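# A closer look at the structure
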Amino acid sequence: MKKYLIGLVLLTFGASVSAEECAAVVESNDMMQFNVNAMTVPASCESYTVTLKHVGQIPKQAMGHNWVLSTTANVQEIVNLSFGAGLENNYLPPGDDRVLAATKVIGGGEEDSVTFDVSMLSADESYTFFCSFPGHYAVMKGTLTVK
Ligand code: ZN
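Each chain has its residues counted from 1, following the order in which its sequence is written. Given that this is a predicted model, residues contribute local features only at a pLDDT of at least 70 and side-chain atom pairs are listed and counted only at 80 or more, while totals for whole chains, interfaces and linings are drawn from all residues. With hydrogens and water excluded, all non-hydrogen atoms of the structure serve as input to the side-chain values.

### Describing the nonpolar core
Among the buried residues, those of types Ala, Val, Leu, Ile, Met, Phe, Trp, Tyr and Cys that are joined through side-chain atoms within 4.5 Å form a nonpolar core. Working definition: with a 1.4 Å probe on protein chains only, accessible area under 20% of the residue-type maximum means buried, over 50% means exposed, and in between means partly exposed. Membership of the largest hydrophobic core comes to 26 residues, with the highest contact counts inside it found for M39, Y48, V50, W67, L69, F116 and L144. Starting at the N terminus, helices and strands are each numbered in turn, a helix being any DSSP run of H or I of at least four residues and a strand any DSSP run of E of at least two. Among the secondary structure elements, those contributing two or more residues to this core are β1 (23-28), β2 (38-41), β3 (47-54), β6 (111-117), β7 (127-130) and β8 (141-146). In terms of residue count, β3 provides more of this core than any other element does, 3 residues in total. Apart from residues lying up to four places away in sequence, L69 is in contact with R98, V99, L100, A101, F116, L121, Y127, T128, F129 and L144. V68, V75, I78 and V99 belong to the second-largest nonpolar core, a separate cluster that totals 8 residues. Whether two residues are in contact is decided by their heavy atoms: any pair within 4.5 Å suffices.

### Things to note about the sheet that holds β1
Pairing within the open sheet is mixed, and its 3 strands lie in the order β1-β3-β6. Strand pairing shows two members of the sheet lacking a second neighbour, β1 and β6, which therefore form its edges. Recorded for the sheet is a direction-independent mean angle of 20° between the axes of neighbouring strands. At least two DSSP bridges between two strands are needed for those strands to be called paired. Where β1 meets β3, 6 bridges bridge the pair, whose relative direction is parallel. Bridge pairing in β3 places A23 opposite T49. As a rule, the C-alpha atoms of each element are fitted with a line to give its axis, helices using only the stretch in contact, and angles between N-to-C directions run from 0 to 180 degrees.

### Re the sheet that holds β8
Read from one edge of the open sheet, 5 strands run β2-β8-β7-β4-β5, paired in mixed fashion. Looking at strand neighbours, the two that pair on one side only are β2 and β5 (101-102), the edges of this open sheet. Relative to β8, β7 is paired through 4 bridges, and the arrangement is antiparallel. When the sheet's bridge partners are listed, Y127 is paired in β8 with L144.

### Describing unusual backbone geometry
The backbone of M32 shows a phi angle near 60°, a positive value even though the residue is not glycine. Assignment of secondary structure puts M32 in the loop between β1 and β2.

### Quick look at the packing of aromatic side chains
The geometry of an aromatic ring pair is captured by the separation of the ring centres together with the interplanar angle, meaning the angle of the planes. A pair of aromatic rings is counted whenever rings of Phe, Tyr or Trp (Trp by its six-membered ring) have centres within 6.5 Å, and the orientation is called stacked for planes under 30 degrees apart, edge-to-face for over 60 and tilted otherwise. Enumeration over the complete set of coordinates arrives at 6 aromatic pairs. When the centroid spacing of 5.9 Å and the interplanar angle of 50° are considered together, the rings of Y48 and F116 count as tilted. With a gap of 68 residues between them, Y48 in strand β3 and F116 in strand β6 connect regions that are remote in the sequence. Given the relative accessible area of 4%, F116 is considered buried. When the ring of W67 is compared with that of F116, the centres are 6.1 Å apart and the planes differ by 10°; the resulting orientation is stacked. Separated by 49 residues along the polypeptide, W67 in the loop between α2 (60-63) and β4 (68-71) and F116 in strand β6 bring together distant segments of the chain. Linked through ring pairs, F34, Y48, W67, F116 and F129 together constitute an aromatic cluster. By the criterion adopted, a ring carries a charge over it if an Arg CZ or a Lys NZ lies within 6 Å of its centre and within 35 degrees of its normal. Against the face of Y137 rests K141, its NZ or CZ located 4.6 Å from the ring centre.

Okay, here's the thing in structure tokens:
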């Protein structure tokens, strides 16, 4: 009986670990920061889910954050268009396919998730995740690698 229980625990643990590998939680705060500056997406994942949490208290109008993924080469052009797009468009140019994945803009205490197909990413490409809220890109960014 004891042996059976241990086996069950290991099985359950193993399942939760593999599920976590295809998902990540990223935290943002009132100090205009992400808690990570590099992410790795396993190429073995079919899809990958990023959950962005805002652990601060300031509303999105003043300290909004989103998690946006694009190729590193396209980041600056997206950032240039973000202010004009406004909060109603989550500070992203609507329908722009250079935006590979994005959460909505959230404020303190909120969270939002986005799931994207890993097959659309290449291990040879350089990707950047960032916040497109005006002025945040300078510090709120990091690299995303497919391995
Ligand atoms: Zn931000």
